[in-house]
Amino acid sequence: MSMIAAFYSGKSILITGATGFLGKVLMEKLLRTSPDLKVIYILVRPKAGQTLQQRIFQILNSKLFEKVKEVCPNVHEKIRAIYADLSQNDFAISKEDMQELLSCTNVIFHCAATVRFDDTLRHAVQLNVTATRQLLLMASQMPKLEVFIHISTAYSNCNLKHIDEVIYPCPVEPKKIIDSLEWLDDAIIEEIAPKLIRDWPNIYTYTKALGEMVVQQESRNLNIAIIRPSIVGATWQEPFPGWVDNVNGPNGLIIAAGKGFLRALKATPKAVADLIPVDTVVNLTLAVGWYTAVHRPKSTLVYHSTSGNFNPCNWHKMGVQVLATFEKIPFERAFRRPYANFTSNNFTSLYWNAVSHRAPAIIYDCYLRLTGRKPRMTKLMNQILRTASMLEYFINRSWEWSTYNTEMLMSELSPEDQRVFNFDVRQLNWLEYIENYVLGVKKYLLKEDMAGIPEAKQHLKRLRNIHYLFNTALFLIVWRLLIARSQMARNVWFFIVSFCYKFLSYFRASSTLKV
Ligand SMILES: CCCCCCCCCCCCCCCCCCCCCC(=O)SCCNC(=O)CCNC(=O)[C@H](O)C(C)(C)COP(=O)(O)OP(=O)(O)OC[C@H]1O[C@@H](n2cnc3c(N)ncnc32)[C@H](O)[C@@H]1OP(=O)(O)O
Ligand SMILES: NC(=O)C1=CN([C@@H]2O[C@H](COP(=O)(O)OP(=O)(O)OC[C@H]3O[C@@H](n4cnc5c(N)ncnc54)[C@H](OP(=O)(O)O)[C@@H]3O)[C@@H](O)[C@H]2O)C=CC1
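These figures come from a predicted structure and were not determined experimentally.

All right, on to the site of ligand 2 then. Neighbouring ligand 2 are 25 residues, the closest being Thr 19, Arg 45, Arg 55, Tyr 204 and Lys 208. Between Thr 19 and ligand 2, the recorded distance is 2.7 Å, taken from a side-chain N or O atom to an oxygen atom. Asp 85 is positioned with one of its side-chain polar atoms (N or O) 2.9 Å from a nitrogen atom of ligand 2. For the shell around ligand 2, the residue count by class is 12 nonpolar, 8 polar and 5 charged.

The following block contains the structure:
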């Protein structure tokens, strides 16, 4: 019997961010392994014209939850969606709901955050710092609470090279920032933001660091632990391989590469690609929840959920495998043949952007204009290049994350728990994982049918022929123009032609002699 699964049985669990990528997988695993848990409270806001109920219905009826329904047919009754907006005071939760949460909750998983790198400082602080403080305050009023798990990121201290499993102080106290945001206007906030974030690459990582400090300062006598995942990728094993559901992180780039839009990336090929499957993060999170509640460590422990020091893979290896998978399982209606050129050199990167990205987009837009259609490729290309440039910081560096706590926890688990809540990333086969990942992007994000693969392969063949034809035509045009303008080019041309002529004459003469 799994001790971790048994721990969550009969419990009332509160999850924030349950509608997000990580939150969904967390909810799924909890329901599948502890179907007799009492209830999962999820704090949800209406979104994209959908009510709370519609959102939950859609999630529970998705493919991700198919296995859950086999072990927990009454899954709908186990989920209690509570209207909440984490950017509001008291999360805009009704009095009755708040009362229920305060009196019943046993376990909290705080996953909600804004993960956008370009969010405003005000919004990011509201979500990643103030909301965390508010939730901790709520937690301190929960008599039955056994454990509070805060999901941070391995990059919250990415301004350091070696990162230990400790909470690092930030130069400015979170409380001072929260207070100043109350009276500063938006224009001033945006002006001071770059000075505040100093050597953090973006507002997201900076506010996640502030969030950790808040956890440390406001923990009171709560039983808390922090999980720091690196780049969270598709599922590795559970509930099935390759599940993904948003275009964040690598996903958007895999789509852009598979569709032939993105063919070069400013990346250091040898840098560690610290991807971690989402189910691995979830297994660690659930194990930490159990361990922290049962063993009640004296201080707040931080757990790194990273792959680099257990089973490193670099961007080159990843790129090669992604491309190999595109060969086998191509995406439909590609713009160009997929290709991956990693360069860490600024000049080469500018060159590739001009030749491989912007020029084809402009040519294609001209074609659209000429055929009476609206041009769109340049705009799309600009967006892809902007996204790629925002991720550049993370693909041109390597970090070392210590993993003492994660390893300690691994050794504390029973063999059964090590199997059911496996977070040992040493067992991960990267080639297999990446292949499933790309397949998952095709199936679950792009919603492409496997039956379309032969047609997609034909399309790539056509693109290759067009590519050869285009290059030959371009070469001939450039050469013709050169000949018309330069005496030297003419001389070279005559030299080549006469050489070929002489060679052919010699060849013909010698073959006639033999006869
Ligand atoms: C050479 C080719 C290579 C080939 C081989 C490839 C091999 C693999 C290489 C892998 C390298 C991986 C590197 C990963 C590094 C990750 C580091 C993470 C580290 C920290 C980890 C964390 O701790 S934390 C979570 C991470 N946090 C994010 O990862 C958010 C980032 N991101 C944003 O901060 C915003 O994204 C940002 C960028 C501001 C743009 O913002 P933006 O406004 O310009 O664009 P948006 O992304 O908002 O997209 C606007 C609309 O376009 C839709 N769309 C977008 N892309 C689309 C697409 N490809 N296909 C269809 N649709 C797409 C989207 O669905 C929206 O649609 P709608 O508006 O309808 O919702
Ligand atoms: N994905 C990754 O690569 C990594 C993620 N992390 C961390 O993991 C956690 C989960 O990330 P992930 O699942 O990828 O992110 P998602 O963007 O997929 O999910 C974010 C969640 O937060 C919720 N949320 C955002 N704003 C509000 C709000 N105002 N009120 C209520 N809920 C809100 C979202 O709700 P809604 O659906 O309504 O938008 C969603 O459920 C985050 O803390 C993130 O920092 C850490 C490292 C890497």
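Picking up where we left off.
Turning to the UniProt feature "domain: Fatty acyl-CoA reductase C-terminal" (unreviewed entry) in the protein, a few remarks are in order. Listed under "domain: Fatty acyl-CoA reductase C-terminal" (unreviewed entry) in the UniProt record, and renumbered for this structure, are residues 357-448. Taken end to end, residues 357-448 has its terminal C-alpha atoms 25 Å apart, with 70% of it in helix and 2% in strand.

The next subject is helix H18 (residues 430-445). Between the first and last C-alpha of H18 there are 21 Å, a value that for 16 residues agrees with the 22 Å anticipated at 1.5 Å per step. Looking at the buried residues of H18, the elements they touch are strand E8 (231-233), helix H11 (250-258), strand E10 (275-277), helix H13 (315-328) and helix H19 (453-485). Where H18 begins, one side-chain oxygen reaches toward the backbone nitrogen of Leu 431, 3.0 Å away; that side chain belongs to Asn 429. Residue Lys 447 follows H18 closely and has a positive phi angle near 55°.

Take the pattern of salt bridges next. Evaluation of the coordinates by the stated rule reveals 22 salt bridges. Linking Arg 80 and Asp 97 is a salt bridge whose minimum nitrogen-to-oxygen distance equals 3.0 Å. Of this pair, Arg 80 sits in strand E3 (residues 79-83) while Asp 97 sits in helix H6 (residues 95-104), and the two are 17 residues apart along the sequence. A salt bridge links Arg 426 to Asp 424; the nearest nitrogen and oxygen atoms lie 3.0 Å apart.

Around ligand 1 there are 31 residues in total, and Arg 116, Phe 117, Thr 153, Gly 249 and Arg 386 lie nearest to it. With respect to ligand 1, the backbone of Val 115 contributes an N or O atom lying 3.2 Å from a nitrogen atom. A distance of 3.3 Å separates a nitrogen atom of ligand 1 from a polar atom in the backbone of Gly 252. Expressed as a share of its isolated accessible area of 1500 Å², the protein-covered part of ligand 1 is 75%. Mapped by element, the contributors of at least two residues to the shell around ligand 1 are H11, strand E9 (264-266), H13 and helix H15 (377-395). With 7 residues, the single largest contributor to the shell around ligand 1 is H15. Of the residues belonging to the shell around ligand 1, the class tally is 20 nonpolar, 7 polar and 4 charged.

Cut-offs used in this document
Residues numbered from 1 in each chain as written. Chains lettered and ligands numbered in written order. Predicted model: local features only at pLDDT ≥ 70, side-chain atom pairs only at ≥ 80, totals over all residues. Heavy atoms only, no water. Near = heavy atom within 4 Å. Polar contact = N/O pair within 3.5 Å; in protein donor to acceptor, adjacent residues only side chain to side chain. Nonpolar A, V, L, I, M, F, W, Y, C, P; charged D, E, K, R; others polar. UniProt positions renumbered as here; feature names shortened; annotations may be inferred. Helix = DSSP H or I, 4+ residues; strand = E, 2+ residues; numbered from the N terminus. Expected span 1.5 Å × (residues − 1). Contact = heavy atoms within 4.5 Å. Salt bridge = Lys/Arg side-chain N within 4 Å of Asp/Glu carboxyl O. Areas by Shrake-Rupley, 256 points an atom, 1.4 Å probe, with all protein chains shown as cover.

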